[in-house]
Amino acid sequence: MATDEIRFAERLFGFGRVTGFEVKQKALALEAQGIEVVHLEVGEPDFPTPPNIINAAKSALDAGQTHYAPSAGLPVLREAVAEHIAGKYRTTVRPSEVVIAPGAKPLIFFSFQALVNPGELVLIPEINFPAYEAAAMIVGARIETYPLLAEKGFRPDTDWLTDKAAEDQIRMLVINSPHNPTGGMFAQEDYKRIAELAEMHGFWVLSDEVYSSITYDEPHVSTLHFPELKPRLIMVDGWSKTFAMTGWRVGFGIVPEQLAKKLATLTTNSNSCTCTFNQYGALEAIKNPESWRAVEQMRQEFIRRSEYLIPALREIDCVKVGEPKGTFYAFADMSSLPMTSKEINDRLLEEAHIAALHGTAFGEAGEGYVRFSFANSLVNLRSFIDRLTAWVEKYCTECG
Ligand SMILES: Cc1ncc(COP(=O)(O)O)c(C=O)c1O
C-alpha cells in the first residue's frame, strides 16, 4: 500500500541543496562494496582536535560540567572571545556582544529569524554556502544573488552592489571571506565599499568568517576592522575549521548587544544552550598558545597541499583552477568537458572513485565547476591526481 505523501509546510519548498554530506553517503556505499574512494567532498579539516582541547573537555566532564549553560554562552567563554577578538582585530568587543552557539550555522539561522521579515530583500553571493539561502528562505525573504568576479579571484562586484543599494531596499547582505567554495578572499577596498553602502542605506551585513585562520599569503581581513559597520554587523566565526572541531559544535557571533539578547532568546526556545563541557574545550582552545601552535601547523600543511595540488591540477587538460587565497578548497573550472558539473561529479564518483562536490551545489552560477576539498593527505591527493588525469583523458578527446 502506498504511503500518503506528507504535506510539508510551504516554507520548505525548494529548501536544501545537495551537500558534501550526501555525496559522502554515496561514497560510503561504494566503500561498503570494497571500492576505495578518495574523499574530497566534505568541508572539514582532516586533523584530530588538538589533545589539550580534548583534555580540557574531559576535565570539565569529570568536574561535573554536565548541566545547562546560559543561552548566550558561559560568561567566562564570552569574555575570552571578546578579549581574543578585540586583540586580534585591534578593536573593542564587550562580552555582552559575544554569543556562543552550537556552530556558526545556528547563528546564521537565528540572525535571519531575528532580523528579516517576509518579503525583505536578502543578498547572497551567487556562489554560496547553502545555509544562507536556506536561512533566508525559511523566513520568507526575497532572495537575490550578487555577482562574484571569477577573473578577480571571486571578489564581489561592488559596482553591482552599489547600483542595487541605490535602487532597492536591502535588509541584509551576506558576505563570506575566505570564501567557500572558491577559496577567494575579499580585498580591503571591497570591505570599504560595503561598509560605506551599509552605513548609507542602513542594511545589515552578515559576515561569515569561519575560515579566518586558514589563509595563505595574506592575513584575513575581518569586517571588525571597519568600526562604521559595527552597529549593523553580524560577524560569525567558530572553532570548527580553526581548531578542527567540526563535531564539537561551537561557534560564536559578534553582534550588537540588543541582537545578542534576541539570539539568546531564540536559543533558549530551541536548543537551550551550547554543550557545556564543550565550551570548556573551546575556552582552552582560545586561551592556550599550544592550541594556536596546532592551528599554525594545520595551516602549514594546507599550504603544502595547495602547493602540490594547484600546479598538478593545472597540468590536466580541460581543468582550469585559480590559486585559493584561503580555505582548503580548489574550485576547478571543468566547463570544457561535455557534461554538467553534476554529471561530472556523479561520474567522478562512479568511474574514478573520486568524491567531490559539483559547483551547482553552491548555486546555478557554480555550473561548470567542481570543488575539491584538500582536507586529505598528500598521499591521497596524489592518488586523486592520477585518477583525475586518467578520467579526464577519456572525455577530453570528446570535447576536442
Ligand atoms: C562558509 C561556511 N560557513 C559556516 C560553516 C559551518 O560552520 P560551523 O561548523 O561553525 O557551523 C561552514 C562549514 O562548512 C562553511 O563552509
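These numbers come from a predicted model, not from an experiment.

The rules behind these values
- Residues numbered from 1 in each chain as written.
- Predicted model: local features only at pLDDT ≥ 70, side-chain atom pairs only at ≥ 80, totals over all residues.
- Pairing = 2+ DSSP bridges.
- Helix = DSSP H or I, 4+ residues; strand = E, 2+ residues; numbered from the N terminus.
- Contact = placed C-beta atoms within 7 Å.
- Axes fitted to C-alpha atoms, helices over the stretch in contact; angles between N-to-C directions.
- Core = buried A, V, L, I, M, F, W, Y, C linked by C-beta atoms within 7 Å.
- Buried ≥ 20, exposed ≤ 12 C-beta atoms within 10 Å, placed from the backbone.
- Domains from an automatic or database assignment.
- Near = placed C-beta within 6 Å.
- Nonpolar A, V, L, I, M, F, W, Y, C, P; charged D, E, K, R; others polar.

Visitor: Just to check I follow, could you spell out the sheet that holds strand β15 (residues 369-373) for this structure?
Guide: Backbone-to-backbone hydrogen bonds pair the strands of a sheet. The strands run either parallel or antiparallel. Spatial ordering of the open sheet is given by β11-β12-β15-β14, a layout of four strands whose pairing is antiparallel. Each edge of the open sheet is held by one strand with a lone partner, namely β11 (320-321) and β14 (357-358). Where strand β12 (residues 329-333) lies against β15, five bridges are found, and the strand directions are antiparallel. Each residue of the ladder has a partner; that of phenylalanine 331, found in β15, is arginine 371. Packing of helix α10 (residues 289-314) onto the sheet brings it into contact with β11 and β12, and relative to β12 it is tilted by some 10°.

Visitor: Can you walk me through the nonpolar core in this structure?
Guide: Generally speaking, soluble globular proteins have nonpolar side chains that are buried together. Grouped together as the largest cluster of nonpolar side chains are 119 residues, with contacts concentrated most on Val99, Leu173, Ala332 and Ile354. Of all the elements, helix α4 (residues 104-115) adds the most residues to this core, at seven residues. In this structure, this core is formed jointly by two domains, domain 1 (10-36 + 292-399) and domain 2 (52-289), each of which donates at least three residues. With sequence-adjacent residues up to four places away left out, leucine 173 is seen in contact with Leu123, Ile194, Ala198, Phe203 and Val205.

Visitor: Whenever I open this one, the site of the ligand confuses me. Can you help?
Guide: In the region of the ligand, 13 residues are neighbours, and Gly103, Ala104, Lys105, Gly238 and Ser240 sit closest. Its residues placed into classes, the shell around the ligand shows three nonpolar, eight polar and two charged.

Visitor: What's the story with the domain arrangement of the chain in this structure? I'm lost.
Guide: In many analyses, interface size is given as the accessible surface area lost on bringing the parts together. Each domain of the chain was delimited in the assignment, giving domain 1 (10-36 + 292-399) and domain 2 (52-289). Placing the centre of domain 1 and that of domain 2 at their C-alpha centroids yields a distance of 26 Å. Taken together, the 28 residues of domain 1 in the interface contact 30 residues of domain 2. Elements with a minimum of two residues in the side of domain 1 that touches domain 2: α10 and β12.

Visitor: Mind showing me how you'd approach the environment of methionine 137 here?
Guide: Relative to the helices and strands, methionine 137 resides in helix α5 (residues 130-138). Overall, methionine 137 belongs to the partly exposed group, with 18 C-beta atoms counted inside 10 Å. Sequence separation between methionine 137 and lysine 105 is 32 residues, and the spatial gap between their C-alpha atoms is 15 Å. Setting aside chain neighbours within four positions, we find methionine 137 in contact with Gly14, Phe15 and Ile143.

Visitor: What am I meant to see in the pairing of strand β10 (residues 251-254) here?
Guide: Here is the key point about a regular strand: its side chains alternate between the two faces of the sheet. Along β10, one buried face is formed by Gly251 and Gly253 and the opposite face, lined by Phe252 and Ile254, is buried too. Here four bridges tie strand β2 (residues 98-101) to β10, and the two strands are oriented antiparallel to one another. Pairing of alanine 101 across the sheet is with glycine 251, part of β10. When strand β9 (residues 233-238) meets β10, the two strands line up antiparallel, connected through four bridges.

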